[in-house]
Amino acid sequence: MPMNRSNCICAILFVLLMAAASGFLHAAMTFESPLSGAVRSNWFIINFVDHGDGANALDYMGGRQTYPTHTGIDIMLYDFLTMDEGIEARAAAPGTVLAYVDGRDDRALESVPNQIFLRHADGSVSYYAHLKMNSIMVSTGQVIAVGQKMAMVGADGTNEVSHLHFGVLDRW
């Protein structure tokens, strides 16, 4: 299904709602969808931030669509074919690249994923993890515009599915 205005608005509002519900956002910051493609067609949210008390993981609505100590939102691609065709990880808000990790194999279970960290004007830091090997197109210190393509979604780190782990921290 091609991206249209309705899908785009739905995707952006859904991601913003989930991020705001996580308690990690500053009121002054606005975030857009961190992915290209269309919600329900190319990707969907599978896990939310854990608001529980350790062993009792709870998502933003008191449900179980999370796991203990999960600090972001997992946006899953439907399959590896979608990953191989390419879904862009885009800056959800303008910022400056603090750090990144690249070169990890897309389908290897490694402890540190390919990832990018952006500092925003309010001091918060967004991070984008499980990026495709050698797809990162930014450098440390680079100023990034909202919506700018930074990398492609992969499946590295300690997971077996292609997805983007997107999170926002109050501070670095």
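Let me sum up the structure you'll find in this document.

Next up on the list: the overall build of the protein. Summing up its helical and strand segments, the protein has two helices and nine strands in all. When the helices and strands of the protein are listed from N to C terminus, the series reads α-β-β-α-β-β-β-β-β-β-β. Out of the 172 residues belonging to the protein, those deemed buried represent 47%. For the protein, the proportion of contacts with a sequence separation of at least 24, taken over those separated by at least 6, is 65%. For the protein, the accessible surface area stands at approximately 8,000 Å², while carbon and sulfur atoms represent 56% of it.

Turning our eyes to something else, we now look at the pairing of strand β4 (residues 95-101). Pairing of β4 with strand β7 (residues 143-144), which is carried by two bridges, proceeds in the antiparallel orientation. Its bridge partner lying in β7, G95 is registered against I144. The pairing of β4 with strand β5 (residues 115-119) spans five bridges and is antiparallel. Within β5, the position partnered with T96 by the bridge is R119.

The next thing to look at is the packing of aromatic side chains. Under the definition given, this model contains five aromatic pairs. Relative to F166, the ring of F31 lies with its centre 6.2 Å away and its plane at 65°, an arrangement referred to as edge-to-face. Of the two residues, F31 is situated in the loop between α1 (5-22) and β1 (43-47) and F166 in strand β9 (residues 163-169); the sequence distance between them amounts to 135 residues. Considered together, F31 and F166 belong to a single accessibility category, that of buried residues. With a centroid separation of 4.9 Å and 45° between ring planes, the pair formed by F44 and Y78 is classed as tilted. Note that F44 is positioned in strand β1 and Y78 in the loop between β2 (73-77) and α2 (80-85), a separation of 34 residues in sequence. Given a relative accessible area of 25%, F44 falls into the partly exposed group. Taken together, F31, Y128 and F166 form an aromatic cluster joined through their ring pairs.

On to the pairing of strand β6 (residues 125-129). Of all five residues making up β6, five are buried, and the element is well covered by its neighbours. Of the two faces of β6, both are covered, the one formed by V125, Y127 and A129 as well as the one formed by S126 and Y128. Turn length for the β5-β6 hairpin, with the two strands adjacent in sequence and antiparallel, is five residues, and the turn residue G123 shows positive phi of about 95°. Here five bridges tie β6 to β9, and the two strands are oriented antiparallel to one another. Its bridge partner lying in β9, V125 is registered against L169.

An order of β1-β2-β9-β6-β5-β4-β7 is seen for the seven strands of this open sheet, with the pairing classed as antiparallel. Sheet topology places β1 and β7 at the edges, where each strand pairs with a single neighbour.

Okay, the side chain of H70 next. For H70, the location among the structural elements is in the loop between β1 and β2. You can call H70 buried: its relative accessible area is 3%. A distance of 2.8 Å separates a polar side-chain atom of H70 from the backbone oxygen of F48. If sequence neighbours within four positions are ignored, H70 has contacts with N47, F48, V49, D50 and H165.

Rules used throughout
Residues numbered from 1 in each chain as written. Predicted model: local features only at pLDDT ≥ 70, side-chain atom pairs only at ≥ 80, totals over all residues. Heavy atoms only, no water. Helix = DSSP H or I, 4+ residues; strand = E, 2+ residues; numbered from the N terminus. Buried < 20%, exposed > 50% of the residue type's maximum accessible area, 1.4 Å probe, protein only. Contact = heavy atoms within 4.5 Å. Areas by Shrake-Rupley, 256 points an atom, 1.4 Å probe, with all protein chains shown as cover. Pairing = 2+ DSSP bridges. Phe/Tyr/Trp six-rings, centres within 6.5 Å; stacked < 30°, edge-to-face > 60°. Polar contact = N/O pair within 3.5 Å; in protein donor to acceptor, adjacent residues only side chain to side chain.

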